Amino acid sequence: MKKRLVVLTGAGMSAESGISTFRDSGGLWDKYPVEQVATPEGFAANPQLVLDFYNTRRKELLNVKPNEGHLGIAALEKDFDVRIITQNVDNLHERAGSSQVLHLHGELTKVRSTGDESLIYELPPDKYDVKIGDKCEKGFQLRPHIVWFGEAVPMFDEAVRTAQSADIFVVIGTSLNVYPAAGLLNYVPKGIPVYLIDPKEVNTYRNDIRFLKKGASEGVRELTEILRKGLSE
Ligand code: OAD
């Protein structure tokens, strides 16, 4: 049976595809006040601004491709039972060929009803513009299918179960600043190999982590070598 490899990814995973991270200098939260574009209060105050922010992110997604890191993680499915938990709202893991991707913070390619959160719609591949007046079948305005600050994280319990089931755990490109996602490391079983790929130092409060201080593409290449070596031992 294949070993279960659980991978927690953040914005740095997609940085080499040309998508901005949030907290690096020049990151998205430098340019847009987070409380205006990523909170329910921001949406209530100025829905147009918030729709425009996500329309821009969605349009950007049409022009970018998975990078070598995404492709390398997808390729690991040959030898491992790979489960991705991503904080990213892009679809680059799926487009790279990964088959098991849990989106903790929602998905750019989906919208949902503001009046009935069970009504979630996949947008057509070429549609990125959501407008005021675009409504669900019950007549409520549509909003981005994104978990905003101050909102519950519906996929968290499933992510915890996935983290607990890991034989190997890997963290890639997240500053681990945002909870509950950052807390997932606490559920990773003690004694299993844990790797972290990031070009910058990240504080994890664990001392059993093997740190690969590299960007996602290079880091995944090195990780693949380490894991393949482990398979042949
Ligand atoms: P951050 O912007 O906080 O952190 C990005 C991390 O990626 C940092 O640790 C960088 O050092 C690292 N990084 C930069 N370039 C990289 C590269 N080429 N390869 C690998 N790593 C690289 O982004 P997140 O931790 O993902 O939530 O942020 C978490 C959440 O905060 C996001 O999901 C988003 C945001 O607010 C919502 O919008 C709800």
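The present account deals with the structure reproduced in this document. Each chain has its residues counted from 1, running along the sequence as written. Since the coordinates come from a predicted model, pLDDT governs what is reported: local features require at least 70, and pairs of side-chain atoms require 80 or more to be given and counted, while whole-chain, interface and lining totals use all residues. Water and hydrogen atoms were dropped before computing side-chain values, which therefore reflect all heavy atoms in the structure.

**Quick notes on the site of the ligand**
- Proximity criterion: a residue is near a molecule or strand once any of its heavy atoms comes within 4 Å of it. In the region of the ligand, 23 residues are neighbours, and Glu16, Phe22, Thr174, Ser175 and Asp198 sit closest.
- What qualifies as a polar contact is a pair of N or O atoms within 3.5 Å, subject to a donor-acceptor requirement within protein and to the restriction that residues adjacent in sequence count only when both atoms come from side chains. Within the contact set of the ligand, an oxygen atom lies 2.8 Å away from a side-chain nitrogen or oxygen of histidine 105.
- Note on areas: Shrake-Rupley with a 1.4 Å probe; residue coverage comes only from the protein chains shown. Here the ligand, which alone exposes 800 Å², has 93% of that area covered by the protein.
- Each residue receives one of three labels: charged for Asp, Glu, Lys and Arg, nonpolar for Ala, Val, Leu, Ile, Met, Phe, Trp, Tyr, Cys and Pro, and polar for the others, Gly being one of them. Here the residues of the shell around the ligand are counted per class, giving nine nonpolar, nine polar and five charged.
- Start and end points for every domain follow an automatic or database-based domain assignment. The residues that make up the shell around the ligand include at least three from each of domain 1 (1–19 + 67–105 + 153–233) and domain 2 (20–63 + 110–146).

**Quick notes on the packing of aromatic side chains**
- Only the six-membered ring of Trp is used, alongside the rings of Phe and Tyr, when aromatic pairs are assigned; centres must lie within 6.5 Å, and planes under 30 degrees apart are stacked while those over 60 apart are edge-to-face, with the rest tilted. Applying the stated criterion across every chain, the model contains seven aromatic pairs.
- Here tryptophan 29 and phenylalanine 53 contribute two aromatic rings whose centre-to-centre distance is 6.0 Å and whose plane-to-plane angle is 25°, an arrangement assigned as stacked. Placement of tryptophan 29 in helix H2 (residues 28–31) and of phenylalanine 53 in helix H5 (residues 47–62) is noted, with a sequence separation of 24 residues between them.
- Exposure is judged per residue with a 1.4 Å probe applied to protein chains only, and the accessible area is read against the type maximum: over 50% gives exposed, under 20% gives buried, and values in between give partly exposed. The class of tryptophan 29 is partly exposed, set by a relative accessible area of 21%.
- A ring pair is formed by phenylalanine 43 and tryptophan 148, whose centres lie 5.3 Å apart and whose planes are at 40°; its orientation type is tilted. A residue pair is termed long-range when its members are at least 10 positions apart, and phenylalanine 43 in helix H4 (residues 40–45) and tryptophan 148 in the loop between strand E6 (142–146) and helix H8 (156–164) qualify at 105 residues.
- Relative accessible area serves as the criterion here: at 12%, phenylalanine 43 is assigned to the buried category. Put simply, DSSP marks the helices as runs of H or I at least four residues long and the strands as runs of E at least two long, and each gets a number from the N terminus on.

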